[in-house]
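Survey of secondary and tertiary structure
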Amino acid sequence: IGLGHRKIAFIKGQTFSSDTHARWGAIRRVSAELGMEPDPELVVQLEGTDAGSESGCIATRKLLERKRPFSAIFAFNDMSAMGAIAALHENGVHVPRDVSVVGFDDIPGAATIHPSLTTVRQPLRQMGKAAADTLLRAIQGAGKESLPASIMVLPELIVRRSTSRAAASFPSRPRQGVVDRR
């Protein structure tokens, strides 16, 4: 949003993933706060059980087949974002000039793919420490009322080279002298 993107495509996680519902709820809530309802035609869901990048590639191909303009993709996780980048490249779409891509998790390799992936980093060490501390307190007999019902840890946006200012939404009219690869 801060880079001028308004037509944002979303790749949701598989239906069996416990994170899918929570992440999609957060996306919808923040979108509403910003006055931007996600376009249902720009939302695809990962299918199958593949944890690799292929499901993100397939989901992005579906987005491209719809020929609905978008300037950015926010993917469920980094692996699906890597698949999205591959599908965009195979269709002649430059990342980030034509479409920006954002992942989630900041997995090893996110910083070294081309282009390096902008992602949301989860504070895994902090999450693990909070879980271990809570478990130890429970084992040591802390009363149920003294244990937290939930623990909030804040993610961090890691900006890399897969995002840039929105120029135009893809697919769009070809620039003069540029071949339309649709």
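Residues numbered from 1 in each chain as written. Predicted model: local features only at pLDDT ≥ 70, side-chain atom pairs only at ≥ 80, totals over all residues. Heavy atoms only, no water.

In this section: the confidence of the model for the protein. Within the protein, residue pLDDT values average 90, and 93% of them lie at 70 or more. Here residues 173–182 is a poorly scored stretch, pLDDT under 50, and it has 11 contacts once near neighbours within four places are set aside; other chains count. (pLDDT = per-residue confidence, 0-100. Contact = heavy atoms within 4.5 Å.)

Further remarks concern the sheet that holds strand 3 (residues 72–75). Strands pair in a sheet through their backbones, by hydrogen bonds, and they do so in one of two ways: parallel or antiparallel. The strand order across the open sheet built from 6 strands is 2-1-3-4-5-6, with neighbouring strands paired in mixed fashion. Each edge of the open sheet carries a strand with a single partner, namely strand 2 (43–45) and strand 6 (156–158). The average angle at which neighbouring strand axes cross in this sheet is 20 degrees, direction not considered. Bridge count for strand 1 (residues 8–12) against strand 3 is 4 bridges, and the pairing is parallel. Looking at the pairing, Ile 11 lines up with Ala 75 of strand 3. The strands touched by helix 1 (residues 18–33) within the sheet are strand 1, strand 2, strand 3 and strand 4 (100–105), with strand 1 carrying the most contacts at an inclination of about 160 degrees. Helix-sheet contacts for helix 2 (residues 54–65) involve strand 1, strand 2 and strand 3, and the interaxial angle to strand 1 is about 140 degrees. (Pairing = 2+ DSSP bridges. Helix = DSSP H or I, 4+ residues; strand = E, 2+ residues; numbered from the N terminus. Axes fitted to C-alpha atoms, helices over the stretch in contact; angles between N-to-C directions.)

Before going further, it helps to spend a moment on the side chain of Arg 160. By secondary structure assignment, the location of Arg 160 is in the segment after strand 6. Every residue in contact with Arg 160, bar those within four places of it in the chain, is listed here: Asp 106, Ala 110, Ala 111, Ser 116, Leu 117, Thr 118, Thr 119 and Arg 121.

Next up on the list: the packing of aromatic side chains. Enumeration over the complete set of coordinates arrives at 2 aromatic pairs. Seen from their ring centres, Phe 10 and Trp 24 are 5.6 Å apart, and the 75 degrees between their planes marks the pair as edge-to-face. Taken together, the residues Phe 10 in strand 1 and Trp 24 in helix 1 connect sequence positions 14 residues apart. For Phe 10, a relative accessible area of 7% gives the class buried. According to the relative accessible area criterion, Trp 24 is buried, its value standing at 15%. On the basis of an interplanar angle of 75 degrees and a centroid distance of 6.5 Å, the ring pair of Phe 10 and Phe 74 is categorised as edge-to-face. Within this pair, whereas Phe 10 is found in strand 1, its partner Phe 74 is found in strand 3, the two being separated by 64 residues in sequence. Ring pairing ties together the aromatic residues Phe 10, Trp 24 and Phe 74, which thus form one cluster. (Phe/Tyr/Trp six-rings, centres within 6.5 Å; stacked < 30°, edge-to-face > 60°. Buried < 20%, exposed > 50% of the residue type's maximum accessible area, 1.4 Å probe, protein only.)

Before going further, it helps to examine a nonpolar patch on the surface. Taken together, the side chains of Ile 1, Val 30 and Leu 34 make up a nonpolar region of the molecular surface, amounting to roughly 240 Å² of accessible area. For Val 30, the location among the structural elements is in helix 1. The class of Val 30 is partly exposed, set by a relative accessible area of 40%. (Patch = residues over 30% accessible without salt bridge, like charges linked within 9 Å, V, L, I, M, F, W, Y side chains within 5 Å. Areas by Shrake-Rupley, 256 points an atom, 1.4 Å probe, with all protein chains shown as cover. Salt bridge = Lys/Arg side-chain N within 4 Å of Asp/Glu carboxyl O.)

The subject of this paragraph is the pairing of strand 3. Consecutive side chains along a regular strand alternate between the two faces of the sheet. Bridge count for strand 3 against strand 4 is 3 bridges, and the pairing is parallel. For Phe 74, the partnering residue across the bridge sits in strand 4 and is Val 102. Between the parallel pair strand 3 and strand 4, the chain is carried across by helix 3 (residues 78–90), and the sense of this crossover is right-handed. (Right-handed = clockwise from strand over helix to strand, strands pointing away.)

Between its first and last C-alpha atoms helix 2 spans 17 Å; for 12 residues at 1.5 Å apiece the expected length is 16 Å, and the two agree. Three or more residues of helix 2 are buried, namely Ser 55, Gly 56, Cys 57, Ala 59, Thr 60, Leu 63 and Leu 64. Taken together, the buried residues of helix 2 touch strand 1, strand 2, strand 3 and helix 3. The positive-phi residue at the C-terminal boundary of helix 2 is Lys 67, with phi of around 55 degrees. (Expected span 1.5 Å × (residues − 1).)

Relative to the assigned elements, Val 99 resides in the loop between helix 3 and strand 4. Placed 11 residues apart in sequence, Val 99 and Leu 88 show a C-alpha to C-alpha distance of 8.2 Å. The contacts of Val 99, once residues within four sequence positions are left out, are Phe 70, Ser 71, Ala 72, Ile 73, Leu 88, Val 93, His 94, Ser 162 and Phe 170.

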